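# Working through the structure, step by step
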Amino acid sequence: MFYREAGQFKTSYGADQALFPIRQDRIGLAVILALAFVAVPLLASQYLFNAILIPLLIFSLAAIGLNILTGYAGQLSLGSAAFMAVGAVAAYNFDLRVPGLPILISFVLGGLTAAAVGVAFGLPSLRIKGFYLAVATLAAQFFIPWLLVKVSWFSNHSSSGVISARPIAILGYAFDTPAKRYLLVLTIVALLALAAKNMVRSRIGRAWMAVRDMDVAAEVVGIRMLHTKLTAFAVSSFYCGVAGALYAFAYLGSVQPEDFNLDLSFRILFMIIVGGVGSILGSFLGAAFITLLPIVLDRALTAVALQYNLGFDSGVASMLQLVVFGALIIFFLVVEPQGLARLWQIGKEKLRLWPFPY
Amino acid sequence: MSAARNSAEVILSVDNVSLAFGGVKALSEVTFDVREREVRAIIGPNGAGKSSMLNVINGVYHPQQGSITFRGEVRQRMNPHRAAVQGIARTFQNIALFKGMSVLDNIMTGRMLMMKATLIEQALYIGRNRREELAQREKVEEIIDFLQIEHIRKTPVGRLPYGLQKRVELARALAAEPVLLLLDEPMAGMNVEEKEDMCRFILDVNDEFGTTIVLIEHDMGVVMDLSDRIVVLDYGRKIADGLPDEVRADQTVIDAYLGVAH
Amino acid sequence: MSFFFEVLIGGLLAGVMYSLVALGFVLIYKASGVFNFAQGSMVLFAALTYVGMQEKFGFPFWLAFLVALAVMVLVGVLTERIVLRPLVNQPQISLFMATIGLAFFLEGLSQLIWGTDVHPLSLGITDEPIESLLTQFNIVVSKFDVAAAIVAGLLVAVLAVFFNRTRIGRALRAVADDHQAALAVGIPLKQIWAIVWSVAGFVALVAGLLWGARNGVQFALTFVALKALPVLILGGFESVAGAIVGGLIIGASEKLAEVYIGPHVGGGIEGWFAYVMALLFLLVRPEGLFGEKHIDRV
């Protein structure tokens, strides 16, 4: 009843092609943005920022990156964490070695470096597909962290490649509280998400989806394989690179290449599977789900242990996490392959009719 | 169908094309031409190599021997992208639509070559990209109107019945404003009404836009009604070439279809 | 020179171990077209079950083996029911991702049940050099590695016969090609899959025992499984022979690279060398040494 589109007629193609053509969607978005930009900073605790909100946003960004490559362009990648690593280390080096370089530029340059590396490792995609390509991305995932540690110049000659990012300051304004860092990350992620949405509904987005759905037909229609696939790798790696830079500068402060391991790549893949492959909204939903799940599990386990007076060690918690993750992946693939985003859509469609059943 | 067409120039010429997959000979020394604005049918029993012929013209397969001359340019190896740039569009026997996209998006991919906005412009959705998206949308809507598929424009293509999918595929091919349109069994699997609709569309395309059409089809009634000239293939060889009435009466053609050993 | 041979042979024998894991992959892929990312976790699960039976209940070798085998068969049957059956005819990528989920599930479950410690495993063959080779040629070759190679060889021979000579083997190949067509000719898909996954479980158990005896049964076993991927790329996903040859090549070149190139670049090459090799191979010969070329007809 609240969600009806009746009466909302579009009188121009422009209106029909708008990002949020339905008025209720626009209102909903405005509310979410208001909450995110205004209410949360005022109400949330430090813990909430540091442990949940900031990593959630950063992983959403990485998930958008992977979604562009795997969800929209159909190129399966198991190396997204490696590209995050490149972005983090590159941003660190630009920030460190170019005096006076604004931090945001360092982020962008970090992303661009990751994009270049992404294109290099994406070249095999012109000849191989499917999970063969996944194995190729595994090569990136194992090689890049090794390289980043071995060549100590990257980490300014620290042992085991640790990089310590300096606190963020833009034009003299220091982002030294969790709330401020949260707002910065939120702004960057929101803008990049908007850009992603734009790309996906434009020519390049259609080209990506065409390559994913049937590449022979895509060529026949005039889409250039080389250009389209490499652009997907470039854009995806850019997003992962910026996410990596934010991970180092705005979240942990100090990272090492080993943090960006295969496990993290799998996590990001899980985010897009659970959230919805081929959906920008899905990237956010999936990231939220996967970020919150360990915390929820932990709390639940502790509560159960207290209730029944059991002792348990952290090993059990992390093993349980694996079990739950694995089961969830299978569950989503079987029950709702299009993930939470599709469930959201179904929910909206039900809202159209509520309170009537049909 | 019209006398004027018989004196038109040759737009496509297939010269001595041979194609083999491993030991299987799909095409053997096939030669024929296609005149501007005509409707040329390629017919023949199953396995005669008709689809392979289209694939060669279009650049999806590369012949071991022979060449294709399109609009004056001789080519031994075409690739699909070049074919598209030069104005060749086609539909496929087993519907090659992008199943994950809506009808509108599928047809928009047909306009791909006409859009020039850069990546940054697309990411910001400003200026040239915005204008192009709107302009192309208008063009695409004209085609949607022409093929009467307005009611399904936002539907994901995978959910449509077979007949409508075929129509959408035709729309996508038309969206490219092609000079040469290759249709691979556009009527396959359709009932009488759908076939009549499709025939009407094809004739309209040929009339209104002047598009040259090369058509593979099994329904002889359709072929005889629609085409100006016909090529007959059997086991990869050309066995007849000419006006519909000539071909219909040709004994070798009749034998081929009846399965007489030769 | 003898050092070179030592490294080479050591690498080849390590490669045999990779081949064992790769065999499991090939089996499942050949028979169901599914790329089973969970093979490594199955190795761990099998090995942990065996060791658990021995440690907790004091079972002798044969009993523990049978119990572990039964458990693996159960895992196979359940996987077919819960994971594969609902996903019949979904694109390969979905099935692949489902096996990733299965991998995580099994990893977590096996360690929840049996704990996260390293468990030693003894099969009665010691990791000592073969006397004659040592004294005559000054080459160190472990008895254990040789025994493992023999076991692997036997396994391959049995499987090859199974696939090519038996009726079930033929049915498996039909299923791998086209699920729906196989159903249409009356092949009992569900049973076939259950059989295949159980056989793969058996292979996983053998691999788990051998690896476990060598390195101790622990979580790191799953990383071994990941190494099987380059093996498959070299050998071709559908070839039993390819799994063996691929494993040997990967094992040998990895060791040689680590020993001869490693010192010049600071070591640790073994972590990525196999993958980079696979990548280069993919560019040159995507279907692998023994795989079949796929032609897409439009």
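The subject of this paragraph is the overall build of chain B. Across its full length, chain B carries ten helices and ten strands. Radius of gyration (C-alpha) of chain B: 19 Å, near the 18 Å computed for a compact globule of 262 residues. Projecting the C-alpha coordinates of chain B onto the three principal axes gives extents of approximately 65 × 40 × 40 Å. Counting every position in chain B, which comprises 262 residues, the buried fraction comes to 56%. At a minimum sequence separation of 6, the contacts of chain B that also span at least 24 residues come to 66%. Of the accessible surface of chain B, which amounts to about 11100 Å², a share of 51% is contributed by carbon and sulfur atoms. Where the 31 positive side-chain charges of chain B centre and where its 37 negative ones centre are 7 Å apart.

The secondary structure content of chain A amounts to 14 helices and four strands. Against the globule reference of 21 Å for 358 residues, chain A gives a C-alpha radius of gyration of 21 Å, in line with a compact fold. When contacts within chain A are restricted to residue pairs at least 6 apart in sequence, those whose partners lie at least 24 apart make up 75%. When the accessible area of chain A is evaluated, it comes to approximately 15000 Å², of which 68% is carbon and sulfur surface. Positive and negative side-chain charges of chain A, numbering 24 and 15 respectively, have mean locations separated by a distance of 8 Å.

Let's shift gears to the environment of Ala8(B). By secondary structure assignment, the location of Ala8(B) is in the segment before strand S1 (10-21). With residues near it in sequence (within four places) discarded, Ala8(B) still touches Arg35(B) and Glu36(B).

Here the focus is the sheet that holds strand S6 (residues 88-90) of chain B. All names here are of chain B. Strand order across the open sheet formed by six strands is S6-S7-S8-S3-S9-S10, with mixed pairing between neighbours. At either margin of the open sheet sits one strand with a lone partner, and together these are S6 and strand S10 (237-242). Put simply, the sheet's adjacent strands are angled 15 degrees from each other on average, direction ignored. Contacts between helix H1 (residues 50-58) and the sheet are confined to strand S3 (39-43), S6, strand S7 (180-184), strand S8 (212-216) and strand S9 (229-234), with S7 contributing the most and set at about 150 degrees to the helix. Each of S3, S7 and S8 is contacted by helix H7 (residues 192-209), which is oriented at about 155 degrees to S8, the strand it contacts most.

This part is about the interface of chain C and chain A. Taken together, the contact between chain C and chain A spans 44 residues of the former and 34 residues of the latter. Both sides together, the interface formed by chain C and chain A hides about 3700 Å², and carbon and sulfur atoms give 85% of it. Among the residues chain C hides against chain A, the three largest losses belong to Met97(C), Phe104(C) and Trp272(C). Together they make up 18% of the total. Among the elements of the structure, helix H3 (61-84), helix H4 (92-114), helix H10 (221-235) and helix H12 (273-284) of chain C are those that each provide at least two residues to the side of chain C that touches chain A.

Here we come to the packing of aromatic side chains. Under the definition given, this model contains 26 aromatic pairs over all chains. Seen from their ring centres, Phe270(A) and Phe104(C) are 4.9 Å apart, and the 70 degrees between their planes marks the pair as edge-to-face. Separated into two different chains, Phe270(A) in helix H11 (residues 262-275) and Phe104(C) in helix H4 make up a pair that spans both. Overall, the relative accessible area of 1% leaves Phe270(A) in the buried class.

Counting 218 residues, the largest nonpolar core has Met84(A), Tyr239(A), Leu269(A) and Phe35(C) as its most contacted members. If we ignore the near neighbours within four places in the chain, the residues touching Phe35(C) are Phe131(A), Phe25(C), Tyr29(C), Phe96(C), Thr99(C), Leu229(C), Leu232(C) and Phe237(C). Listed in part, the 37 residues of the second largest apolar core include Ala89(B), Phe146(B), Ile149(B) and Leu160(B).

Attention now goes to the sheet that holds strand S2 (residues 24-35) of chain B. Residues and elements named next belong to chain B. Taking strand neighbours across the sheet as the criterion, the four strands line up as S2-S1-S4-S5 in an open arrangement whose pairing is antiparallel. The outermost strands of the open sheet, each flanked by one partner alone, are S2 and strand S5 (73-75). Ignoring strand direction, the axes of neighbouring strands in this sheet form an average angle of 20 degrees. In terms of strand pairing, strand S4 (residues 65-70) meets S5 through three bridges, oriented antiparallel. Directly across from Phe70, in S5, lies its bridge partner Glu73. On the sheet, H1 packs against S1, S2 and S4 and is oriented at approximately 115 degrees with respect to S1.

Residues and elements named next belong to chain B. For Arg37, which is not glycine, the phi torsion reads 65 degrees and is therefore positive. One can find Arg37 in the loop between S2 and S3. According to the relative accessible area criterion, Arg37 is partly exposed, its value standing at 41%.

All names here are of chain B. For S4, the buried fraction is high: five of the six residues fall into the buried class. Here five bridges tie S1 to S4, and the two strands are oriented antiparallel to one another. For Ser13, the partnering residue across the bridge sits in S4 and is Thr69. A loop of two residues connects S4 with S5, the two strands running antiparallel in sequence, and Arg71 in this loop sits at a positive phi of about 50 degrees.

Residues and elements named next belong to chain A. Here Gln75 shows up in the loop between helix H3 (46-72) and helix H4 (80-97). Engagement of the side chain of Gln75 in a polar contact is seen with the backbone oxygen of Ala73, the distance being 3.0 Å. What Gln75 contacts, discounting residues up to four positions off in sequence, is Leu69, Thr70, Ser125, Leu133, Val211, Lys229 and Phe233.

As a further point, take the pattern of salt bridges. Where side chains of opposite charge bring their charged atoms close, a pairing between them can arise. Residue and element names in this part refer to chain B. Per the stated rule, a full pass over the model turns up 21 salt bridges over all chains. Where Asp245 meets Arg248, a salt bridge forms, and the shortest distance between an N and an O atom there is 3.1 Å. Of the two residues, Asp245 and Arg248 are both situated in helix H9 (residues 244-249); the distance of three residues between them amounts to about one turn of the helix. A single network of salt bridges, built from pairs that share partners, joins Asp33, Glu38, Arg40, Arg229, Lys238 and Asp241.

Residues and elements named next belong to chain B. For S3, a buried count of five out of five residues is recorded, marking the element as mostly surrounded by other parts of the structure. In the sheet, S3 pairs with S8 via four bridges, with the strands oriented parallel. Among the inter-strand pairings, Ala41 is bridged to a residue of S8, identified as Leu215. Of the pairings in the sheet, the one linking S3 to S9 comprises four bridges and is parallel in character. The partner of Arg40 across the bridge, within S9, is Arg229.

Together, Leu29(A), Leu33(A), Phe37(A), Val38(A), Leu42(A) and Leu43(A) make up an exposed nonpolar region whose accessible area comes to about 590 Å². In this structure, Phe37(A) sits in helix H2 (residues 23-43).

This brings us to the side chain of Thr228(A). Residues and elements named next belong to chain A. Examined against the element boundaries, Thr228 turns out to sit in helix H10 (residues 225-252). Among the polar contacts made by the side chain of Thr228, one reaches the main-chain carbonyl oxygen of Arg224 at a distance of 2.7 Å. Apart from the residues lying within four places of it in its own chain, the contact partners of Thr228 are Ala207, Trp208, Val211 and Ile223.

Before going further, it helps to examine the packing of helix H6 (residues 143-165) of chain C against helix H9 (residues 189-215) of chain C. Residue and element names in this part refer to chain C. Viewed as axis vectors pointing N to C, H6 and H9 meet at an angle of 175 degrees, and their least axial separation amounts to 11 Å. Relative to H9, H6 is oriented roughly antiparallel. Seen from H6, the contacting residues are Phe144, Asp145, Ala148, Val151, Leu155 and Leu159; seen from H9, they are Val199, Phe202, Val203, Val206, Leu210, Ala213 and Arg214.

This part takes up the environment of Met108(B). Among the structural elements, Met108(B) can be located in helix H3 (residues 103-109). The sequence separation of Met108(B) and Arg159(B) amounts to 51 residues, and the corresponding C-alpha distance is 18 Å. Residues within four places of Met108(B) in sequence aside, it is in contact with Gln17(A), Arg206(A), Glu133(B), Gln136(B), Arg137(B) and Val140(B).

So, about the confidence of the model for chain B. In low-pLDDT regions, the fine details of the predicted coordinates are not to be read closely. All names here are of chain B. With 96% of its residues at a pLDDT of at least 70, chain B reaches an overall mean of 87. For chain B, helix H4 (residues 119-124) is the element with the lowest average pLDDT, namely 79, and S7 is the one with the highest, namely 94. Scored below 50 in pLDDT, residues 1-5 makes eleven contacts in the model with residues more than four places away or belonging to other chains. Reported confidence for the predicted complex is 0.86 by ipTM and 0.88 by pTM.

This part covers helix H6 (residues 162-175) of chain B. Residue and element names in this part refer to chain B. The end-to-end C-alpha distance of H6 is 20 Å, a good match for the 20 Å that 14 residues give at a rise of 1.5 Å each. Most of H6 sits inside the fold, with 13 of its 14 residues counted as buried. Looking at the residues trailing H6, positive phi occurs at Glu177, about 50 degrees.

Analysis parameters
Residues numbered from 1 in each chain as written. Chains lettered and ligands numbered in written order. Predicted model: local features only at pLDDT ≥ 70, side-chain atom pairs only at ≥ 80, totals over all residues. Heavy atoms only, no water. Helix = DSSP H or I, 4+ residues; strand = E, 2+ residues; numbered from the N terminus. Rg over C-alpha atoms; globule rule 2.2 N^0.38 Å. Buried < 20%, exposed > 50% of the residue type's maximum accessible area, 1.4 Å probe, protein only. Contact = heavy atoms within 4.5 Å. Areas by Shrake-Rupley, 256 points an atom, 1.4 Å probe, with all protein chains shown as cover. Lys, Arg positive; Asp, Glu negative; His and termini not counted. Charge placed at Lys NZ, Arg CZ, Asp CG, Glu CD. Pairing = 2+ DSSP bridges. Axes fitted to C-alpha atoms, helices over the stretch in contact; angles between N-to-C directions. Buried area = accessible area lost by both parts, 1.4 Å probe. Phe/Tyr/Trp six-rings, centres within 6.5 Å; stacked < 30°, edge-to-face > 60°. Core = buried A, V, L, I, M, F, W, Y, C linked by side-chain atoms within 4.5 Å. Polar contact = N/O pair within 3.5 Å; in protein donor to acceptor, adjacent residues only side chain to side chain. Salt bridge = Lys/Arg side-chain N within 4 Å of Asp/Glu carboxyl O. Patch = residues over 30% accessible without salt bridge, like charges linked within 9 Å, V, L, I, M, F, W, Y side chains within 5 Å. Parallel < 35°, antiparallel > 145°, perpendicular 65-115°, else oblique. pLDDT = per-residue confidence, 0-100. Expected span 1.5 Å × (residues − 1).

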